[in-house]
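Structural overview
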Amino acid sequence: MKNMFLENKDINTGRQPEFDYLKGLFVPMIILIHAFQLLGGTTEPLYEVFYPICTMTGSTIFLFVMGMGSTYSRSSEKQMILSGVKLIAWQIVWNVFALALPFLMGQGIRAFFGLSMEMWPMAVQQVMVLLQYINIFFIAGVIYLFLAFFKKIRLPAWGYLVIAAVVMVATPWLYMVDWKTGIPAVDYTLTLFFGGRDSVSLVFLPHFVYSVFGVWFGRILRRTADKKRLYLTFLPGALVIGIAYLVYSIVISDTLTDFCNFVSYEYTFPGIFRMLTNLSWVLVTAGALWSVHGWIKKYRLLDNLLLHFNKKTSAYYGIHPFLYALAGSIAITTPFGWLPCFVIAVADTIFCWLVMRLWEKIKN
């Protein structure tokens, strides 16, 4: 590849604006999606269009960029292990304070105002699910542990690509949708990584693929002398895969709801085609953002907003479910329409910003 656009040493070692913007886009996208999901608006046609589009990248963005970013980080193996353990711990904290606690608070508000409590047994059951939730924090934490090991053994760039390919091929056969060992403790542990429980909203295995592929891409990116040529090299294949998957999904679906349900299931339990599609759209979007990053820089408000979201991604992700869990619990029998979901999503974004500002003042 040297004669194409790669150098023999790292030359592209600064910040990569397209990935800063890409990660920045992740925040408002996920805040809006979760507004519909946690407030009962998933039957809205607007959601059934918006959700499939966004989840062609979705959490793939975060894990891909995390893997790619690790190649630019100067963190030692011990620091990466510590970061991984912290993220796993944050999953537990997040479950309690961002999901379960506000959900119980919502039920308390209903009781205080004398509203119907006939849904209380279901609410208790839901809280038990929320306390055991497995999401992006746990997945990222475990992946950090793997990446620290790979760094320790000095795994070459091609090694990451091989691991990503092997795990990608094996993953669809390992989902615990149709099989269990029959041993409760073993099944509980395995579903943390292979899915198959209500509390496992995102499955570890495909996200491991996204991160490891991100490391490989980061190694390539660091040696790239011509980023335009790099993206143009990936673009044709990525577009073919991404568009082919969209066409396939539409053809096999009789209605918009069928299309959304299929894409939603494949987002949680992606096959090889879907994993390749997610990675393809990340690369296509990154390439598109790189081509217009100079234009974005001229619009300071847009530039600052995307960079703010990029810098505070974990904070926004950690805080934003609180308001939704509270509102959803108070209105537990009433699904929200598309307009209330939008309004609460905007309010929730402001709420997250205020909480972060307050926290910064407390620290200072």
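Conventions we followed
- Residues numbered from 1 in each chain as written.
- Predicted model: local features only at pLDDT ≥ 70, side-chain atom pairs only at ≥ 80, totals over all residues.
- Heavy atoms only, no water.
- Helix = DSSP H or I, 4+ residues; strand = E, 2+ residues; numbered from the N terminus.
- Contact = heavy atoms within 4.5 Å.
- Polar contact = N/O pair within 3.5 Å; in protein donor to acceptor, adjacent residues only side chain to side chain.
- Salt bridge = Lys/Arg side-chain N within 4 Å of Asp/Glu carboxyl O.
- Buried < 20%, exposed > 50% of the residue type's maximum accessible area, 1.4 Å probe, protein only.
- Core = buried A, V, L, I, M, F, W, Y, C linked by side-chain atoms within 4.5 Å.
- Phe/Tyr/Trp six-rings, centres within 6.5 Å; stacked < 30°, edge-to-face > 60°.
- Axes fitted to C-alpha atoms, helices over the stretch in contact; angles between N-to-C directions.
- Parallel < 35°, antiparallel > 145°, perpendicular 65-115°, else oblique.
- Left-handed = near helix turned anticlockwise from the far one by under 90°.
- Patch = residues over 30% accessible without salt bridge, like charges linked within 9 Å, V, L, I, M, F, W, Y side chains within 5 Å.
- Areas by Shrake-Rupley, 256 points an atom, 1.4 Å probe, with all protein chains shown as cover.
- Disulfide = S-S within 2.5 Å.

Comments concerning the environment of Trp 179
In this structure, Trp 179 sits in the loop between helix H7 (157–170) and helix H8 (184–194). For the pair Trp 179 and Thr 268, spaced 89 residues apart in sequence, the C-alpha separation works out to 17 Å. When sequence neighbours within four positions are dropped, the list of residues in contact with Trp 179 reads Trp 173, Leu 174, Leu 190 and Phe 194. Here the side chain of Trp 179 touches Tyr 175 through a polar contact of 3.0 Å, landing on its backbone oxygen.

Focus: the environment of Ala 347
With respect to the helices and strands, the residue Ala 347 is situated in helix H16 (residues 338–363). A C-alpha to C-alpha distance of 28 Å links Ala 347 and Thr 268, two positions 79 residues apart in sequence.

What to know about the pattern of salt bridges
By the definition in use, this model includes five salt bridges. The partner of Lys 297 in a salt bridge is Asp 303, and the shortest N-O contact between them spans 3.7 Å. In this structure Lys 297 comes out as partly exposed when scored by relative accessible area, which is 41%. Asp 303 sits in the buried class, given a relative accessible area of 4%.

A word on the nonpolar core
If you look at the biggest cluster of nonpolar residues, it comprises 94 residues, and the most contacted ones within it are Phe 19, Leu 63, Phe 64, Ile 143, Tyr 160 and Phe 217. Among all residues touching Phe 19, those that are not within four sequence positions of it are Phe 64, Val 65, Met 68, Phe 217, Leu 221, Tyr 231, Ala 286 and Asn 310. The next biggest cluster of nonpolar side chains, apart from the first, holds seven residues, and it includes Met 56, Ala 238, Phe 259 and Val 284.

What to know about the packing of aromatic side chains
For the structure on display, the rule yields 39 aromatic pairs. Measuring from ring centre to ring centre gives 6.1 Å for Phe 322 and Phe 351, while their planes differ by 25°; the resulting arrangement is stacked. Of the two residues, Phe 322 sits in helix H15 (residues 321–330) while Phe 351 sits in helix H16, which places them 29 residues apart along the sequence. Linked through ring pairs, Phe 19, Phe 64, Phe 213, Trp 216, Phe 217, Tyr 231, Phe 234 and Trp 290 together constitute an aromatic cluster.

Description of unusual backbone geometry
Of note in the backbone geometry, Arg 154 takes a positive phi value of approximately 55° without being a glycine. Mapped onto the elements of the fold, Arg 154 is located in the loop between helix H6 (136–152) and H7. Classification of Arg 154 by relative accessible area gives exposed; the value is 72%.

Focus on the packing of helix H4 (residues 77–112) against H15
Contact geometry for H4 and H15: axes closest at 7 Å, N-to-C directions at 30°. It follows from the interaxial angle that H4 and H15 lie roughly parallel. Where H4 crosses over H15, the handedness of that crossing is right-handed. Residues Trp 94, Phe 97, Ala 98, Leu 99, Pro 102, Phe 103, Met 105, Gly 106, Gln 107, Ile 109 and Arg 110 of H4 form the contact with H15, whose own contacting residues are Pro 321, Phe 322, Ala 325, Leu 326, Ser 329 and Ile 330.

Details of a nonpolar patch on the surface
On the surface, Trp 90, Ile 92, Val 93, Val 96, Phe 97, Leu 101, Leu 104, Met 105, Trp 120, Val 124, Met 128 and Leu 131 cluster together to form a nonpolar patch covering roughly 1,100 Å² of accessible area. Every element with two or more residues in the nonpolar patch is listed here: H4 and helix H5 (120–131). In terms of residue count, H4 provides more of the nonpolar patch than any other element does, eight residues in total. Residue placement: Met 105 occurs in helix H4.

Considering the state of the cysteines
Per the stated rule, a full pass over the model turns up zero disulfides. Residue Cys 260 stays outside any disulfide, its sulfur separated by 11 Å from that of Cys 54, the closest cysteine. The class of Cys 260 is buried, set by a relative accessible area of 4%. Just so you know, Cys 341 is unpaired, no disulfide at all, and the nearest cysteine sulfur is the one on Cys 260, 13 Å from it.

Notes on the packing of helix H9 (residues 204–222) against helix H12 (residues 272–298)
Where H9 meets H12, the axes come as close as 11 Å, and the angle between the chain directions of the two elements is 40°. Looking at the two axes, H9 sits oblique to H12. Our pair here, H9 against H12, has a crossing hand that is right-handed. In this structure, H9 contributes Pro 206, Val 209, Tyr 210, Phe 213 and Phe 217 to the contact, and H12 contributes Met 275, Asn 278, Leu 279 and Leu 283.

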